[in-house]
Amino acid sequence: MSKTNTAAQEPKWVQRLLDWYDVNKRDLPWRGVGDPYKIWVSEVMSQQTRIEAMKPYYDNWMQLFPTVEALAEASEDEVVHAWQGLGYYSRARNLRLGVQEVVSNYGGVVPMDRKSMESLKGVGAYTAGAVLSMAYNLPEVAVDGNVLRIYARLYNINDDILGAVGKKKITALVEETLPHDRPGDFNQSLMDFGSSLCIPKSPRCSDCPINSSCEAYANGTTADLPVRIKKTKSITIPLVVGLVQLGDYYLLHKRPNTGLLRSMWEFPSAEASDFSAGESQLKDLLGALGFELKLDSTMVRELTHVFSHRKWEMKTYQGTLIWRGSDAEQIAAIQTKLPADYMLLPRLEFATYTWAGPHGKLTELCK
Ligand code: SF4
């Protein structure tokens with residue numbers, strides 16, 4: 001459990017931030033209900049996604065899986081399907097596994113201590129702190145990028161907030177300043193404050209209720225903080241994608257069951273920076289399956305999709321397939337000759353499958 005300060009030790013800005021929060025807090029469905037499961041789901045969903053964008057997913061999720069038991073009983077496919085559009089699918093899989101542990105090891109009650117919380121699949125220090133403080137009002141800190149940024153500015157900290165030293169220093173400060181009576185509200189006030197005023201670029205310092213306590217504001221360094229030194233460079237992968245049809249059926253590929261976007265469906269694609277190289281690679285790929293490919297040379301959609309360490313630059317083309325076997329063969333017969341990770345599917349059935357990230361956006365181009 002985190003060490004908390006007493007009211008007498010509390011820096012003045014803490015109460016001012018709480019006062020600001022009391023007036024300006026966002027009205028969110030998982031707030032004020034004291035339900036650790038709802039808070040847990042909301043925290044996992046809101047990592048990498050803005051609250052406004054994730055709210056419809058949250059509402060849909062709670063319709064499908066309103067309790068830990070409902071989620072624990074759901075299949076991985078159902079869970080990943082409900083997550084579709086939020087990206088980083090391992091979070092959904094881990095959430096399901098973590099909840100299954102709660103049901104099997106804790107009688108369906110989300111644990112009330114940090115050690116047990118952090119032992120659950122997919123639960124790190126931040127999520128544990130957020131759930132424990134917001135659901136049970138326990139004095140636990142929840143330090144994420146938002147909090148690191150705010151404290152780096154408030155205390156004019158020049159250490160890299162992505163490095164161990166910077167994180168440790170700031171976590172110690174958050175523990176020191178965490179108010180003993182309202183830890184859950186304090187953590188939520190930091191979330192709201194960081195998304196509305198102390199925002200990543202151009203913080204709104206003149207409207208800030210705690211600017212008189214902010215060292216970066218006093219020193220004129222708000223634009224330089226926080227310091228973030230990225231270690232891994234993202235790789236850019238050019239992809240030529242084919243929306244290729246045999247009559248009314250599209251050819252789809254299921255990604256491998258390990259790695260990026262695992263076990264999800266995508267349109268056939270080839271790593272190539274231009275149309276002609278991509279076309280010839282796709283021809284080879286589909287030729288090995290028994291198809292002849294005619295790809296239109298006009299690009300129908302250009303998309304960029306950013307993962308944590310790689311970026312897809314996608315160029316999409318439409319095309320038609322010709323089956324090299326007998327003309328008389330029906331789709332069902334052709335299907336039996338394809339490898340298990342390929343299928344022919346009419347547009348009307350797309351909604352029942354889980355799409356590999358940006359490939360879902362390409363479905364709107366299909367008839
Ligand atoms: S004064 Fe500006 S930089 Fe400092 S805490 Fe407020 S919004 Fe953030």
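All residue numbers refer to position in the chain's written sequence, counted from 1. Two thresholds apply to this predicted model, a pLDDT of at least 70 for residue-level local features and 80 or more for giving and counting side-chain atom pairs, whereas whole-chain, interface and lining totals are computed over all residues. The side-chain values count all of the structure's non-hydrogen atoms but skip hydrogen atoms and water molecules.

1. Side note on the overall build of the chain
Then, number 1: Think of it this way: any DSSP run of H or I at least four residues long counts as a helix, any run of E at least two long counts as a strand, and we number them from the N terminus. Helix and strand content of the chain: 15 helices and seven strands.
Then, number 2: Along the longest, intermediate and shortest principal axes, the C-alpha atoms of the chain span 85 × 50 × 35 Å.
Then, number 3: Relative accessible area decides the class of each residue, using a 1.4 Å probe on protein chains only: under 20% of the type maximum gives buried, over 50% gives exposed, and in between gives partly exposed. Burial statistics for the chain: of 367 residues in total, 48% are counted as buried.
Then, number 4: The contact definition used throughout considers only heavy atoms, calling two residues in contact when any of these lie within 4.5 Å. Within the chain, counting contacts between residues at least 6 apart in sequence, those at least 24 apart form 67% of the total.
Then, number 5: Note on areas: Shrake-Rupley, 1.4 Å probe, and residue coverage restricted to the protein chains presented here. Carbon and sulfur atoms make up 51% of the accessible area of the chain, which totals about 17800 Å².

2. A few points about helix 3 (residues 51–64)
Then, number 1: For a helix, the expected span equals 1.5 Å multiplied by the number of residues minus one. Under the 1.5 Å per step criterion, the end-to-end length of helix 3 is 19 Å for 14 residues, consistent within 8% with the ideal 20 Å.
Then, number 2: Inspection of helix 3 places I51, M54, Y58, W61 and M62 among the buried residues, and these make up the whole buried set.

3. Observations regarding the UniProt feature "domain: HhH-GPD" (unreviewed entry) in the chain
Then, number 1: UniProt positions are given in the numbering used here, feature names are shortened, and annotations may be inferred rather than shown by experiment. Under the feature "domain: HhH-GPD" (unreviewed entry), the UniProt entry names residues 45–196.
Then, number 2: Counted over residues 45–196, helix gives 67% and strand 0%. Its end C-alpha atoms are 19 Å apart.

4. Notes on the nonpolar core
Then, number 1: Residues belong to one nonpolar core when they are buried, are Ala, Val, Leu, Ile, Met, Phe, Trp, Tyr or Cys, and are joined through side-chain atoms within 4.5 Å. Residues Y37, W40, W61, W83, L95, L252 and F267 are the most contacted members of the largest nonpolar core, which totals 63 residues.
Then, number 2: The leading source of residues in this core is helix 8 (residues 125–136), at seven residues.
Then, number 3: Each domain's extent was defined by an automatic or database domain assignment. In terms of domain composition, this core takes at least three residues from each of domain 1 (12–224) and domain 2 (235–365).
Then, number 4: Excluding anything up to four places from it in sequence, W40 contacts L95, G98, V99, V102, V110, L120, V123, T127 and V131.
Then, number 5: Grouped together as the second largest cluster of nonpolar side chains are 29 residues, W20, I157, C208 and I210 included.

5. Topic: the packing of helix 1 (residues 12–24) against helix 11 (residues 183–196)
Then, number 1: Axes here refer to lines fitted to C-alpha atoms; in helices the fit is confined to the stretch in contact. Angles between the N-to-C directions go from 0 to 180 degrees. Relative to each other, helix 1 and helix 11 sit at 75 degrees, their axes nearing to 9 Å. Taken together, the axes of helix 1 and helix 11 lie roughly perpendicular to each other. For the pair formed by helix 1 and helix 11, the contact residues are W13, V14, L17, L18, W20 and Y21 on the first element and D185, F186, Q188, S189, L190, D192, F193 and S196 on the second.
Then, number 2: Any residue outside Ala, Val, Leu, Ile, Met, Phe, Trp, Tyr, Cys, Pro, Asp, Glu, Lys and Arg is labelled polar, Gly included; the first ten of those are nonpolar and the last four are charged. Here the residues of the contact of helix 1 with helix 11 are counted per class, giving nine nonpolar, three polar and two charged. Reported orientations rely on four angle classes, namely roughly parallel under 35 degrees, roughly antiparallel over 145, roughly perpendicular from 65 to 115, and oblique for the rest.

6. Observations concerning the pairing of strand 2 (residues 249–254)
Each regular strand displays side chains that alternate between the two surfaces of the sheet.
Then, number 1: Paired strands, in this sense, are two strands between which DSSP finds at least two bridges. Pairing of strand 1 (residues 235–246) with strand 2, which is carried by two bridges, proceeds in the antiparallel orientation. Paired with Q245 across the bridge in strand 2 is Y250.
Then, number 2: Counted along the chain from strand 1 to the antiparallel partner strand 2, the turn is two residues long, and its residue G247 has a positive phi close to 60 degrees.
Then, number 3: Relative to strand 7 (residues 342–346), strand 2 runs antiparallel, the two being bridged by five bridges. Looking at the pairing, L252 lines up with M343 of strand 7.
Then, number 4: Looking at chain direction, strand 2 and strand 3 (residues 265–266) are connected through two bridges and run antiparallel. For H253, the partnering residue across the bridge sits in strand 3 and is E266.

7. Describing the packing of aromatic side chains
Then, number 1: The pairing test for Phe, Tyr and Trp rings, Trp by its six-membered ring, is centres within 6.5 Å, and the orientation test on the planes gives stacked under 30 degrees, edge-to-face over 60, and tilted for anything in between. For the coordinates displayed, the defined rule picks out 16 aromatic pairs.
Then, number 2: With 5.8 Å between their ring centres and 80 degrees between their planes, W20 and F193 make a pair best called edge-to-face. With a gap of 173 residues between them, W20 in helix 1 and F193 in helix 11 connect regions that are remote in the sequence.
Then, number 3: Here W20 falls in the buried class, since its relative accessible area comes to 14%.
Then, number 4: For F193, a relative accessible area of 2% corresponds to the buried category.
Then, number 5: Measuring from ring centre to ring centre gives 4.6 Å for F275 and Y317, while their planes differ by 50 degrees; the resulting arrangement is tilted. With F275 in helix 13 (residues 275–287) and Y317 in strand 6 (residues 310–323), this residue pair connects regions lying 42 residues apart in the sequence.
Then, number 6: Here F275 falls in the buried class, since its relative accessible area comes to 19%.
Then, number 7: Residue classification places Y317 among the buried positions, given a relative accessible area of 4%.

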